[in-house]
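Each chain, written out:
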Amino acid sequence: MMISVIIPVYNDSVGLEATLASLVAQEISDSFEIIVADNGSTDDTQQLAQSFTTRFPSLVRLVVEDEQQGSYAARNKAIKKAKGNLLFFVDADMVAPSNYLQKVADVFQEQDADYVGCKVEIVTDKKTLAAKYNRLGGFKVDVDLEHNHFVPTCCLSIKKETINVVGNFDARLESGGDYEFGNRVHQAGLKQVYTDSVTLKHPARWKYRSLMNKSKRVARGICQLAFYYPDRFRSRYLKYSTLSRHYPRSPFAIIKRARSINVPLNFWEALMLSVFHIPLTISSSQEAKRFMNHLQQQIEPSNSALHTDAEPLVSVNITTYNRAGFLGRCLDSVLTQSYPNIEVIVVDDASSDNTAEVAKSYSKKDTRVKYFRHEENQGNAYARNTALKQCQGTFVAFMDDDDEWIDTDKLTKQIEIFESSLDPKLGIVCSGVKVIDASNNEEVKRAEMPLNLTSTLLKGNGVIHNSTVMTKRETMIKVGGFDTKMPRGIDSEFFRTVVVKHGYKVHFMPDITVAYHEHGEIRMTTNKTNAAAKTWKANVHVIQKHLGSFLLHPEALLYRIGSRFKKIVAN
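Residues numbered from 1 in each chain as written. Predicted model: local features only at pLDDT ≥ 70, side-chain atom pairs only at ≥ 80, totals over all residues. Heavy atoms only, no water.

Here we look at the overall build of the protein chain
Now for step 1: The secondary structure content of the protein chain amounts to 23 helices and 16 strands.
Now for step 2: The C-alpha radius of gyration of the protein chain comes to 26 Å, within 12% of the 25 Å expected for a compact globule of 571 residues.
Now for step 3: Projecting the C-alpha coordinates of the protein chain onto the three principal axes gives extents of approximately 85 × 55 × 50 Å.
Now for step 4: Per-residue burial for the protein chain yields a buried fraction of 54% across its 571 residues.
Now for step 5: In the protein chain, 80% of the contacts between residues at least 6 apart in sequence involve partners at least 24 apart. (Helix = DSSP H or I, 4+ residues; strand = E, 2+ residues; numbered from the N terminus. Rg over C-alpha atoms; globule rule 2.2 N^0.38 Å. Buried < 20%, exposed > 50% of the residue type's maximum accessible area, 1.4 Å probe, protein only. Contact = heavy atoms within 4.5 Å.)

Okay, structure coming up:
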């Protein structure tokens, strides 16, 4: 196991020095690295980081993100450079005990966790009222994880493969990116765990001005969350206009809280602290109103342009494995689409033939083609999530490496359906296929809405063909990408999750847009090795994941168990 510790920093050499000193002294049996992600500091922070890279060349590295301001952009830059399969995030002013890495690594192993938060203690030798206020507020990591499904990035650790499933941090956000990221992890069904076996120390804000600055920054982050994700976070923004935020608090409750965490506090201080927050809440409410107006004014011109001149970007995601003989035909059919604004993401799952050469030749000829490769074979779900991570489109079209699009207007038609729809829950647009077998016999299969789509998808699929699908990238992120716990049936499980678990709608186009080739070769999802075991494992996982829906559709449950048993016996 390899651990990458990521420290975003901006103009804080003093805090960074304390954090690095505590991390280079870690006592752990596994290997680890420390990546300082500088966000374009203008003081001596980079020089301080360089001094540690000189003293500990095999342990400390420096990366610089000076193109985009923001801690989440810096973290994303470091994630790309990280070698570890576990990523630990800490802030550049925190101090870790010598057993920090080992304790948290043990939690991943013992609890099979995907996402871990640990205890944070606010410390200070200052005795100002602001410092006491900050300590009383503290970090309620366990509460936030239980009720809001996130932990602050100052004490967050994740499996690196989690990024493949849900994507990077949203670098547009000034604040609240940890909240948004944690909610994506929760929606993806990944395991989130809190541990109090180790405590990180965080310095208190001891000046009222620093508390005021933070409250305004948090307000701007909440505005951005509501603006970019209105269906998920607008209610949180609306709370900023409620009068109850400004109500005085009980001094007796404050004293009780102070005693529980050993903060020395007399009654008169408690009385002052009961109204201490009011200037902060008032100023943050005003900042939220101002900043939301700013966001709306900024976006209106670009929205207007979007509907007149600009076409939304479509990412065509293609995963491939040992398909050098078919990949060129697939790419040709994509690149001849009439829709102009596309990018083509090709993810090679460690092919051993000359698939890489084919893909690279296309990327050299056409800059719209972008090639990515797994150095080790990870499976189709991981490859599809890598494509999701790398793509930038508003819309995403799926494509199997041995299929071809036979309707040059496929993307244009699907974009028109999405943009003309008034249903915010439209999640998938798909079409029919022409099936071509090894003897070149053809059969047309039209896409039609079944009588009960939920029951059909719970039983299996058979109505949505992967290479015909277009969806929105934000929908994919919201549902958590492709389920890496599925040994087979990855595409069907994605459609099932979108429709059954998250309630999105499907539009079935009458057009035949795809040629589906049945050539008898092994596909990424149909390798027969341990077929019976994989079929049963996938079946059990689907039933457990959608148990509530199966109980509402017992006919689907009986069908799934019976049909999978027959398939296992047949294999």
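A closer look at the pattern of salt bridges
Should the charged atoms of two oppositely charged side chains come close, the side chains can pair.
Now for step 1: Inspection of the entire model under this criterion finds 25 salt bridges.
Now for step 2: A salt bridge links glutamate 287 to arginine 220, with the shortest nitrogen-to-oxygen separation between them at 2.9 Å. In this pair, glutamate 287 sits in helix α13 (residues 278-308) while arginine 220 sits in helix α9 (residues 208-228), placing the two residues 67 residues apart along the sequence. Each of the two residues, glutamate 287 as well as arginine 220, counts as buried.
Now for step 3: Among the ionic pairs, aspartate 401 bridges to arginine 323, the shortest N-O distance being 2.9 Å. With aspartate 401 in the loop between β11 (395-400) and β12 (404-405) and arginine 323 in the loop between β8 (314-320) and α14 (324-335), this pair connects stretches of sequence that are 78 residues apart. (Salt bridge = Lys/Arg side-chain N within 4 Å of Asp/Glu carboxyl O.)

Points about the packing of α9 against helix α10 (residues 230-238)
Now for step 1: Packing of α9 against α10 brings their axes to within 6 Å, and their N-to-C directions diverge by 145 degrees. Viewed along their axes, α9 and α10 form a crossing whose handedness is left-handed. The residues of α10 that touch α9, namely those facing Ile222, Cys223, Leu225, Ala226, Phe227 and Tyr228, are Pro230, Phe233, Arg234, Arg236 and Tyr237.
Now for step 2: By residue class, the composition of the contact of α9 with α10 is nine nonpolar, no polar and two charged. (Axes fitted to C-alpha atoms, helices over the stretch in contact; angles between N-to-C directions. Left-handed = near helix turned anticlockwise from the far one by under 90°. Nonpolar A, V, L, I, M, F, W, Y, C, P; charged D, E, K, R; others polar.)

Examining unusual backbone geometry
Now for step 1: One non-glycine residue, aspartate 112, lies in positive phi territory at about 50 degrees.
Now for step 2: Judged by its relative accessible area of 53%, aspartate 112 falls in the exposed class.
Now for step 3: In this model, histidine 149 sits at a positive phi of 65 degrees, which is unusual for a non-glycine residue.
Now for step 4: Secondary-structure assignment places histidine 149 in the loop between α6 (141-148) and β6 (156-159).

Quick word on helix α15 (residues 355-365)
Now for step 1: Looking at α15, one finds that the buried residues are Thr355, Ala356, Val358, Ala359 and Tyr362. With its buried residues spanning 165 degrees around the axis, α15 presents them on a single face. Structural note: α15 exposes Lys364 and Lys365 on the side pointing more than 90 degrees away from its buried face.
Now for step 2: Contacts made by the buried residues of α15 are with β8, α14, β9 (342-348) and β10 (369-373). (Arc of directions from axis to C-beta.)

Things to note about the side chain of lysine 159
Now for step 1: Here lysine 159 lies in strand β6.
Now for step 2: In this view, lysine 159 contacts Asn85, Leu86, Phe108, Asp112, Ala113 and Asp114; residues no more than four positions away in its chain are not counted.

Focus: the pairing of β11
Now for step 1: Most of β11 sits out of view: six of its six residues are buried.
Now for step 2: Strand direction decides the pairing type here: β8 and β11, joined by six bridges, are parallel. Bridge assignment links isoleucine 318 to a residue of β11, and that residue is methionine 399.
Now for step 3: As defined by bridge partners, β11 adjoins strand β15 (residues 470-472) across three bridges and the pair is classed as antiparallel. Across the sheet, residue valine 396 finds its bridge partner in β15, namely threonine 471. (Pairing = 2+ DSSP bridges.)

Observations concerning the environment of aspartate 66
Now for step 1: Within the secondary structure, aspartate 66 is located in the loop between β3 (60-64) and α3 (71-81).
Now for step 2: Take aspartate 66: its relative accessible area is 59%, and that puts it in the exposed class.

Some words on the nonpolar core
Now for step 1: Counting 68 residues, the largest nonpolar core has Ile34 and Tyr100 as its most contacted members.
Now for step 2: Take this core: its biggest share by element is six residues, from helix α4 (residues 100-111).
Now for step 3: Counting 38 residues, the second largest nonpolar core, distinct from the first, contains Ile464, Val469, Ile543 and Ala556. (Core = buried A, V, L, I, M, F, W, Y, C linked by side-chain atoms within 4.5 Å.)

Let's talk about the packing of aromatic side chains
Now for step 1: Inspection of the entire model under this criterion finds 19 aromatic pairs.
Now for step 2: Between phenylalanine 88 and tyrosine 100, the aromatic rings sit 5.7 Å apart at their centres with planes inclined by 80 degrees, giving edge-to-face as the arrangement. With a gap of 12 residues between them, phenylalanine 88 in strand β4 (residues 86-89) and tyrosine 100 in helix α4 connect regions that are remote in the sequence.
Now for step 3: Between phenylalanine 252 and phenylalanine 267 the ring centres are 6.0 Å apart and the planes differ by 45 degrees, which places this aromatic pair in the tilted class. With phenylalanine 252 in helix α11 (residues 251-260) and phenylalanine 267 in helix α12 (residues 267-273), this residue pair connects regions lying 15 residues apart in the sequence. (Phe/Tyr/Trp six-rings, centres within 6.5 Å; stacked < 30°, edge-to-face > 60°.)

Observations regarding the side chain of histidine 546
Now for step 1: Take histidine 546: it is sitting in the loop between α21 (531-545) and α22 (547-552).
Now for step 2: Here histidine 546 falls in the buried class, since its relative accessible area comes to 3%.
Now for step 3: Separated by 2.8 Å, the side chains of histidine 546 and glutamate 493 make a polar contact. (Polar contact = N/O pair within 3.5 Å; in protein donor to acceptor, adjacent residues only side chain to side chain.)

Re the environment of tyrosine 247
Now for step 1: Checked against the element boundaries, tyrosine 247 lands in the loop between α10 and α11.
Now for step 2: Under the relative-accessibility criterion, tyrosine 247 is labelled partly exposed at 47%.
Now for step 3: Separated by 27 residues in sequence, tyrosine 247 and serine 274 have C-alpha atoms that sit 9.0 Å apart.

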